[in-house]
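# Structural characterization, general
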Amino acid sequence: PRSPQAAEVRVRPVPFNAAFVSRLVPRLRWDALREAAESLGRPSELPPEPSPGYEADEEFLRRLHHVLLEVEVLEGSLQCPDSGRRFPISRGVPNLLLSEDEA
Amino acid sequence: EITSLLSLCGGQFSGEQEIRVNSPFWILNIPSEEMARGLMKRTVCAKSIFELWGHGKSAGELYASLKNYPTDKMLPYLQSDSTYKVHIHTFNKTLTQAQKIKKIDALEFLPFKGKVNLKNPEHVFWILEDYGMDPNDVPEEPIHLYFGRWIADGQRELIESYSVKKRHFIGNTSMDACLSFIMANHGRVKPNDIVYDPFVGTGGLLISSAHFGAYVCGTDIDYNTIHGLGKASRKNQKWRGPDENIRANLRQYGLEKYYLDALVADFSRPIWRKGILFDAIITDPPYGIREAPRRMGSQKETVKSVERSTENHFFVSSSYHLSDIFFDLLKFGAEYLVMGGRLVYWLPIYRPEYTEEIIPRHPCLKLISNCEQLLSSHTSRRLITMEKVKEFKDQDENSYLLDGQYMPYRGHNSFREKYFSGVTKRIAKEEKDNQK
């Protein structure tokens, strides 16, 4: 889990696909996702836990869709929770390479 | 490809005859027409599929076989209120119009009741004649004949519409469209899957998965490629414009909504949180011929960079041994694939030393297929497809590291030298011949 800090965020509409978003839920670290959404200024959109029956909850799925697929960090950084090391994000692409003395 | 697709459509199949390697015709037993259509919606290998009504090694045998085909199975398509057409296709031979008509007329004994409509028939029947594979030795009579009702065509036009020649953003090693569709089919990619390519480059392999409805993401160690910077690989193009990157490639085909993300990362280093993430991993790792395999290491080595990107560049150094790449790839697949998920990748092979044992193995993955593509007389690459059949446990992680039997591929580390050795030998021989 990595806490993003954003200098520049873009929101771009992406067609909503309930089936896909639903499939993603079991593969997400929910706390990390919420924390990330929070640090990007979108705290209230996600509940503390996905509630049972979420597959049929369109409102919930749409919110999740928005945070996962439509909000993008263009410029900013990600931070490793263990080492504190920051990784830059530029033009929407995170760079996770270590420098030669860290490797 | 066909086996993977049929299992994706929920079926098993049995070939009625052994696959004749040198024949474009293949008889299959498929439980339903729906499954056949499902198959054809995905395959780029198969041209068309027919409901077989009869076949034989001579015209006589064909007619006898047709007479044996149950009439009640024929009748639904021969009704008097329907329209039809008979088409004749000869493989490896051209017939005159008169000859074709004669052969079609010979089938008059079939109970056709409907009206002939050449422009827009409801049902199309095909006579298929196989005149062998040798264009220099075409027999008088076909070696095999088939008659059937046309059901569907395959997806071979995708090869043209997704051709790399027209793609906006390519790299040195972009996969051609046909192969990338075959890989997606081997991966049994279905809508709403998540597909990952750890050596994504310009994203060519992801495009075919996105076409089949999967959401795609990729990583690559090369900053320039992911960002679309630097010299373009297309001849006569100076630099990669601001819009050249994986997302732009997807956008070119209207598949942008399937773009999840791209990251710059070193595959030999862990970046993902533990647990299942992907439905399929489809990739073409660097073999060290046109692009050198790299990983982060401790030596300094300057990388030629282009404007705007210097402080985000990191230095690239120690070589990533080929066998380590596959070791990491299989381990990654075992840990991050869903159960039943597939890993599809190319394995470069030095043919004089190849044996089946050399294919990398992992206790959690089962080898599904191994198909060779020749590159030169002494090298080839093999398309390896594996399926996760066992859950990954932490103790698996290192227990087989020391087990030599899982990685006999190490001998191929000098693939690069071996690849070029044939060339240098030939050059030396030519020089020697020239001196005579």
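Residues numbered from 1 in each chain as written. Chains lettered and ligands numbered in written order. Predicted model: local features only at pLDDT ≥ 70, side-chain atom pairs only at ≥ 80, totals over all residues. Heavy atoms only, no water.

### Some thoughts on the overall build of chain B
Condition: Helix numbers and strand numbers start at the N terminus; a helix is a DSSP run of H or I with at least 4 residues, a strand a run of E with at least 2. Relative accessibility thresholds used throughout: buried, under 20% of the residue-type maximum; exposed, over 50%; partly exposed, between the two (1.4 Å probe, protein chains only). Method for areas: the Shrake-Rupley scheme with a 1.4 Å probe, in which residue coverage is limited to the protein chains shown.
From N to C terminus, chain B includes 13 helices and 14 strands. By residue count, 50% of the 436 residues in chain B fall in the buried class. Accessible surface, chain B as shown: approximately 21,800 Å² in total, 51% of it carbon and sulfur.

### Details of unusual backbone geometry
Backbone geometry follows two general trends: most residues other than glycine have a negative phi, and most peptide bonds adopt the trans configuration. All names here are of chain B. Despite not being glycine, asparagine 92 has its phi angle at roughly 80°, a positive value. Mapped onto the elements of the fold, asparagine 92 is located in the loop between strand 4 (83–91) and helix 5 (97–105). The phi dihedral of asparagine 192 falls on the positive side, at around 75°, and the residue is not glycine. Taking the relative accessible area as the measure of exposure, asparagine 192 reaches 13% and is therefore buried.

### Re the packing of helix 2 (residues 30–39) of chain A against helix 3 (residues 58–70) of chain A
Residue and element names in this part refer to chain A. What counts is decided by this rule: Every angle, taken between N-to-C directions, lies between 0 and 180 degrees, and every axis is a line fitted to C-alpha atoms, over only the stretch in contact when it is a helix. Convention used here: angles under 35 degrees read as roughly parallel, angles over 145 as roughly antiparallel, angles from 65 to 115 as roughly perpendicular, and any remaining angle as oblique. Each crossing is labelled by how the near helix is turned from the far one, with a counterclockwise turn of less than a right angle marking it left-handed and a clockwise turn marking it right-handed. We call two residues in contact when some of their heavy atoms are within 4.5 Å. For this classification, Asp, Glu, Lys and Arg are treated as charged, while Ala, Val, Leu, Ile, Met, Phe, Trp, Tyr, Cys and Pro are nonpolar and the rest, including Gly, are polar.
Where helix 2 contacts helix 3, the two axes come as close as 11 Å, and the packing angle between them is 65°. Considered as vectors, helix 2 and helix 3 are oriented roughly perpendicular to each other. As helix 2 runs across helix 3, the sense of the crossing is left-handed. From helix 2, Trp30, Leu33 and Ala37 reach across to helix 3, where they touch Phe60, Leu64, Val67 and Leu68. When the residues that make up the contact of helix 2 with helix 3 are grouped by side-chain class, the tally is 7 nonpolar, no polar and no charged.

### Concerning the confidence of the model for chain A
Threshold: Note on scores: pLDDT gives the predictor's confidence for each residue, bounded by 0 and 100.
In the predicted model, chain A carries a mean pLDDT of 76, and 84% of its residues have values of at least 70. Ranking the helices and strands of chain A by mean pLDDT puts helix 1 (residues 18–24) of chain A first, with 84, and strand 1 (residues 3–11) of chain A last, with 69.

### Notes on the pattern of salt bridges
This is how it is decided: In the sections that follow, a salt bridge refers to a side-chain nitrogen of Lys or Arg positioned within 4 Å of a carboxyl oxygen of Asp or Glu.
The tally for this structure, following the rule as stated, stands at 14 salt bridges over all chains. Across the pair A:Glu58 and A:Arg62 runs a salt bridge, and its minimum N-O distance is 2.9 Å. Of this pair, A:Glu58 and A:Arg62 both sit in helix 3, separated by 4 residues, roughly a single helical turn. According to the relative accessible area criterion, A:Glu58 is partly exposed, its value standing at 44%. Each member of the salt-bridge network shares a partner with another, and the members are A:Arg23, A:Arg27, B:Lys190, B:Asp193 and B:Asp279.

### Re the sheet that holds strand 11 (residues 278–283) of chain B
Residues and elements named next belong to chain B. Basically, it comes down to this: A pair of strands counts as paired when DSSP detects no fewer than two bridges linking them.
Pairing in this open sheet of 7 strands is mixed, and the strands run 10-9-8-11-12-14-13 from one edge to the other. The sheet terminates laterally at strand 10 (259–264) and strand 13 (365–374), the two strands that pair on one side only. Put simply, the sheet's adjacent strands are angled 15° from each other on average, direction ignored. The sheet strands contacting helix 7 (residues 177–186) are strand 11, strand 12 (337–350), strand 13 and strand 14 (379–388), and the helix crosses strand 12 at an angle near 140°.

### Here we look at the domain arrangement of chain B
Residues and elements named next belong to chain B. We count it as follows: Domain ranges listed in this record stem from an automatic or a database domain assignment. Two parts placed together each lose some accessible area under a 1.4 Å probe, and adding up what both lose gives the buried area. Any N or O atom pair separated by 3.5 Å or less is treated as a polar contact, with the protein-specific requirement of one donor-capable and one acceptor-capable atom, and with residues adjacent in sequence counted only for side-chain atom pairs.
Parsing chain B into structural domains produces domain 1 (1–154) and domain 2 (159–294 + 315–420). Facing the 10 residues of domain 1 at the interface are 12 residues of domain 2. Regarding the contact of domain 1 and domain 2, the summed buried area is about 880 Å², with carbon and sulfur atoms giving 56% of it. The interface formed by domain 1 and domain 2 contains 0 salt bridges. Counting the contacts that link domain 1 with domain 2 gives 2 residue pairs in polar contact (both at pLDDT 80 or more). Broken down by class, the residue content of the side of domain 1 that touches domain 2 amounts to 4 nonpolar, 3 polar and 3 charged.

### Thoughts on the pairing of strand 6 (residues 123–130) of chain B
Residue and element names in this part refer to chain B. Burial analysis of strand 6 places 8 of its 8 residues in the buried class, which makes it a mostly covered element. Residues His123, Phe125, Ile127 and Glu129 point to one face of strand 6 and Val124, Trp126, Leu128 and Asp130 to the other, with burial holding for every one of them. Relative to strand 6, strand 4 runs parallel, the two being bridged by 8 bridges. Of the residues in strand 6, the one forming a bridge with histidine 89 is leucine 128. Sheet topology note: the strand 6/strand 7 (residues 144–153) ladder contains 6 bridges and is antiparallel. When the bridges of strand 7 are listed, phenylalanine 125 appears paired with arginine 149.

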